[in-house]
Amino acid sequence: MSARERILGDVRRALGRGELSEQAKAGLETRLKSGKANLIPARSDKPHDAQIDLFAEMAEGVQASVARVPDGSDVPGAVADYLAQNNLPSDIVMAPDENLDAYPWAERPLLRMRRGKAEGADQVSITAAEMAFAETGTLMLTSDAARPSTLNFLPENHIVVLRAEQITGAYEEGWKRLRSQDANIPRTVNLITGPSRTGDIEQTIQLGAHGPRRLHIIIVEG
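Residues numbered from 1 in each chain as written. Predicted model: local features only at pLDDT ≥ 70, side-chain atom pairs only at ≥ 80, totals over all residues. Heavy atoms only, no water.

**Student:** Can you walk me through the packing of aromatic side chains in this structure?
**Tutor:** Ring pairs (aromatic) are described by centroid distance and by the angle formed between their planes. Overall, the coordinates contain two aromatic pairs when judged by the stated rule. Judged by centre distance (5.0 Å) and plane angle (35°), the rings of Phe-133 and Tyr-171 are tilted. Placement of the pair is Phe-133 in strand β5 (residues 131–133) and Tyr-171 in helix α6 (residues 171–179), with a sequence separation of 38 residues. Among the residues examined, Tyr-171 registers a relative accessible area of 22% and is labelled partly exposed. (Phe/Tyr/Trp six-rings, centres within 6.5 Å; stacked < 30°, edge-to-face > 60°. Helix = DSSP H or I, 4+ residues; strand = E, 2+ residues; numbered from the N terminus. Buried < 20%, exposed > 50% of the residue type's maximum accessible area, 1.4 Å probe, protein only.)

This is how it looks when you write it as structure tokens:
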């Protein structure tokens, strides 16, 4: 018996419930795989090129910065430009995500990369994204061994490399994709809209309250 099965068994016993019948299990599986879509804002119902434009507009509207590059070969240069423009160090912690291996980081030897989870002293992190949604300029980031969630929250500067093909209109598309992965459902799903902020103190917006002070999105259009 796996740890998951033991935990669920303990929950069932605490609730006074027994094992589900095969018919009940099949009904739940069908319901999970064919979830009914919720209301979808009309503003995101656009051709894909327009969705990309809308995503960039909405992200910038919540204080994220956006750079659009024509090809993956331009990603390291876009990272270096962002660091220089904001007077940031070139020491970067980057997710050990194979999706980031496609970019020619060696062409920018002054970028000092460490792969792994973020630590307290890290100022800049780089991750990829699972998907992005034009309706609110929101990123969907998932976690696993190659995508530590600490990279999304600990450093004050978070750079996300996003392929244009990953941008869709509405949140529903993201949940549909995750449900289709069956056993590969991620442990954590983070929906990130702009840098961290709070208005708790005298109703004045403060950036960087619970996470990064800056969020920079590089959209790879090629």
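Let's pick the thread back up.
**Student:** Can you walk me through the sheet that holds strand β12 (residues 214–220) in this structure?
**Tutor:** Strand-to-strand pairing in sheets goes through backbone hydrogen bonds, with the strands running parallel or antiparallel. Read from one edge of the open sheet, six strands run β1-β12-β7-β4-β2-β3, paired in parallel fashion. The sheet is open, and its two borders are formed by β1 (65–69) and β3 (112–115), each paired with just one other strand. The sheet shows a mean angle of 25° between the axes of neighbouring strands, taken without regard to direction. For strand β4 (residues 124–128) and strand β7 (residues 157–163), the ladder comprises five bridges, and the chain directions are parallel. Each residue of the ladder has a partner; that of Val-124, found in β7, is Asn-157. On top of the sheet, helix α3 (residues 48–61) reaches β1, β7 and β12; it is set at about 150° to β1, its chief contact. Its contacts with the sheet put helix α4 (residues 75–85) on β1, β2 (91–94), β4, β7 and β12, and the angle it makes with β12 is roughly 155°. (Pairing = 2+ DSSP bridges. Axes fitted to C-alpha atoms, helices over the stretch in contact; angles between N-to-C directions. Contact = heavy atoms within 4.5 Å.)

**Student:** Explanation requested: the side chain of Glu-130 in the structure shown.
**Tutor:** With respect to the element layout, Glu-130 can be found in the loop between β4 and β5. Looking at Glu-130, the relative accessible area reads 8%, which means it is buried. Here the side chain of Glu-130 touches Thr-142 through a polar contact of 3.2 Å, side chain to side chain. (Polar contact = N/O pair within 3.5 Å; in protein donor to acceptor, adjacent residues only side chain to side chain.)

**Student:** I tried to follow α4 on my own but got confused; where do I start?
**Tutor:** Because an α-helix packs 3.6 residues into every turn, residues spaced three or four apart end up facing the same way. In terms of residue burial, α4 counts as a mostly covered element, since eight of its 11 residues are buried. Each element contacted by the buried residues of α4 is listed here: β1, β2, β4, β7 and β12. Positioned one or two residues after α4, Asn-87 has a phi angle of 55°, which is positive.

**Student:** How should the environment of Glu-60 be read in this particular structure?
**Tutor:** Here Glu-60 lies in helix α3. Separated by 155 residues in the primary sequence, Glu-60 and Leu-215 place their C-alpha atoms 9.8 Å from one another.

**Student:** Is there a simple way to explain the sheet that holds strand β6 (residues 138–142) in this structure?
**Tutor:** Within the open sheet, the four strands sit side by side as β8-β5-β6-β9. Their pairing is mixed. Two strands in the sheet have a free side with no partner beyond their single neighbour: β8 (167–168) and β9 (189–192). Across four bridges, β6 lies against β9 in antiparallel orientation. Looking across to β9, one finds that Met-140 is bridged to Leu-191.

**Student:** I'm lost on unusual backbone geometry in this one. Help?
**Tutor:** As a rule of thumb, non-glycine residues mostly have phi less than zero, and peptide bonds are mostly trans rather than cis. Positive phi, normally seen in glycine, also occurs at Gln-63, with a value near 70°. Summarising the element assignment, Gln-63 is placed in the loop between α3 and β1. On the accessibility criterion, Gln-63 (44% relative accessible area) is partly exposed. You will see that Asn-87, though not glycine, has its phi angle at about 55°, which is positive. By secondary structure assignment, the location of Asn-87 is in the loop between α4 and β2. For Asn-87, a relative accessible area of 72% gives the class exposed.

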